[in-house]
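# Observations on the model geometry
Each chain, letter by letter, is given below.
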Amino acid sequence: MPEEFISAKQIQWFPGHMAKTRRKIAEDLKLVDIVAEILDARIPESSKNPVLRDIVQSKPKVTILNKSDIADLNATAKWVTEYKRKNEKAIPIDAKNGRGIPEFYNAVREALKERIAAWERKGMSGRPIRIMILGIPNVGKSSLINRLTRGGAGKAEVQDRPGITRQNKWFTTQKGFELLDTPGVLWPKFDDPRVGRLLAYTGAIKDEILDIETLAAGLIELIMKLYPQAIQKRYSIELDKDLKGYEILELIGRKRGMFISGGEINTERAAIMFVDEFRAAKLGRLTLEHINGF
Ligand code: G4P
């Protein structure tokens, strides 16, 4: 984890819980036909679990690029091509509004077409397809399950709390699929500071444990690199390329009239607002991780 973001509290990722989750996933793989790994389309590589590939191994897999409604369309298209190049099928989805769901179902059927044909030959054509939904916290697992089960077995009630392993939860969808929610809590790649920062920017790490002004300043600098016009446009300010993130944060606070007594700029309020606005895509659809790095 990037030390500069961590305040008093620590994130609850314990080796014991990680080993248990790993074991449980490996065990439960026997219960499913395919794995769907959900990533955040704004940070696909950084929202991956570092060992999932080893655990899942030979199971068929479909990758979901969720939150594609708030990611850069071009960048998402490039990620899809990049995964295809690696023989991975990636489907952009917006679990909030249901976009991409038919494509997801098609990709699952396509990945399992030989098995489905075999079931049909054995007179098992009604056999539901069992999918394990895997993803790190906050990537949109419960939103997706809710979306897929709408009109099916009812609302998915999923709570993700790092360190707390949950019971198996199965959900039935309308279309002959059964979903198994991540057995346990999948941890992110938290030993790489760059990844930690990206997870923090997108809200995958709870803000209470972060220094919000440092986080906002870092996010501002990254956005200035990737989308130089986005901040200027949103806040109608002229920005010199050499300005530091914190200086830009002050300009944003000033522009929005955020002052504390004595005329000083309330940079904490400005930081909270800026991060919220980024996460709500008010600065545009911005992807923070691109194929060729930054
Ligand atoms: P999890 O089960 O993997 O932990 O994730 P969850 O579904 O709880 O989603 C985490 C946050 O991401 C939620 O926002 C959810 O609304 C949002 N989200 C999930 N899928 C999408 C998507 O495709 N697009 C967008 N734009 N957002 C998505 P939240 O702020 O925690 O809650 P709320 O805003 O829904 O109240």
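Residues numbered from 1 in each chain as written. Predicted model: local features only at pLDDT ≥ 70, side-chain atom pairs only at ≥ 80, totals over all residues. Heavy atoms only, no water.

Considered as a void within the structure, the second largest pocket measures approximately 180 Å³ in volume. When residues of the lining of the second largest pocket are traced back to their parent elements, those giving at least two are helix H2 (52-56) and strand E2 (61-66). No other element matches the three residues that E2 contributes to the lining of the second largest pocket. Taken together, the residues that form the lining of the second largest pocket break down as two nonpolar, three polar and five charged. (1 Å grid on protein atoms, 1.4 Å probe; cavity = no way out; pocket = protein on both sides within 12 Å on 5 of 7 lines; lining within 4 Å. Points joined across faces, edges and corners; volume = space filled by probe spheres on them. Helix = DSSP H or I, 4+ residues; strand = E, 2+ residues; numbered from the N terminus. Nonpolar A, V, L, I, M, F, W, Y, C, P; charged D, E, K, R; others polar.)

Ranked by internal contacts, the top residues of the largest apolar core, which has 63 residues, are Phe-104, Ile-131, Ile-223, Ile-231, Phe-274 and Leu-288. For this core, the element with the highest residue contribution is helix H8 (residues 212-226), accounting for nine residues. In terms of nonpolar packing, the next biggest core, distinct from the first, is built from 16 residues, Val-51, Met-132, Leu-180 and Val-185 among them. (Core = buried A, V, L, I, M, F, W, Y, C linked by side-chain atoms within 4.5 Å. Buried < 20%, exposed > 50% of the residue type's maximum accessible area, 1.4 Å probe, protein only.)

Let's shift gears to the packing of helix H10 (residues 245-255) against helix H11 (residues 267-279). Taken N-terminus to C-terminus, the directions of H10 and H11 make an angle of 90°; their axes are 9 Å apart at the nearest point. Overall, the two elements H10 and H11 adopt an arrangement that is roughly perpendicular. Residues Tyr-246, Leu-249, Glu-250, Ile-252 and Gly-253 of H10 pack against Thr-267, Ala-270, Ala-271, Met-273 and Phe-274 of H11. A breakdown of the residues in the contact of H10 with H11 according to their chemical character gives seven nonpolar, two polar and one charged. (Axes fitted to C-alpha atoms, helices over the stretch in contact; angles between N-to-C directions. Parallel < 35°, antiparallel > 145°, perpendicular 65-115°, else oblique. Contact = heavy atoms within 4.5 Å.)

One open sheet accounts for six strands, arranged E3-E2-E1-E4-E6-E5; its pairing is mixed. The sheet is open, and its two borders are formed by strand E3 (89-92) and strand E5 (170-172), each paired with just one other strand. Across the sheet, the axes of successive neighbouring strands diverge by a mean angle of 30°, strand direction being ignored. As paired strands, E5 and strand E6 (residues 177-181) are joined by three bridges and run antiparallel to one another. Paired with Thr-172 across the strands is Glu-178, a residue of E6. Where helix H6 (residues 141-149) meets the sheet, it contacts strand E1 (34-40), E2, strand E4 (129-134), E5 and E6, and its direction lies at approximately 160° from that of E6. (Pairing = 2+ DSSP bridges.)

Another point: the site of the ligand. Close to the ligand lie 16 residues, the nearest being Asp-69, Ala-95, Asn-138, Lys-141 and Ser-143. Measuring from an oxygen atom of the ligand, one finds a backbone N or O atom of Asn-138 at 2.7 Å. With respect to the ligand, the backbone of Lys-141 contributes an N or O atom lying 2.7 Å from an oxygen atom. Expressed as a share of its isolated accessible area of 700 Å², the protein-covered part of the ligand is 65%. The dominant element in the shell around the ligand, judged by the number of residues it contributes, is H6, at three residues. Class assignment for the residues of the shell around the ligand results in five nonpolar, five polar and six charged. (Near = heavy atom within 4 Å. Polar contact = N/O pair within 3.5 Å; in protein donor to acceptor, adjacent residues only side chain to side chain. Areas by Shrake-Rupley, 256 points an atom, 1.4 Å probe, with all protein chains shown as cover.)

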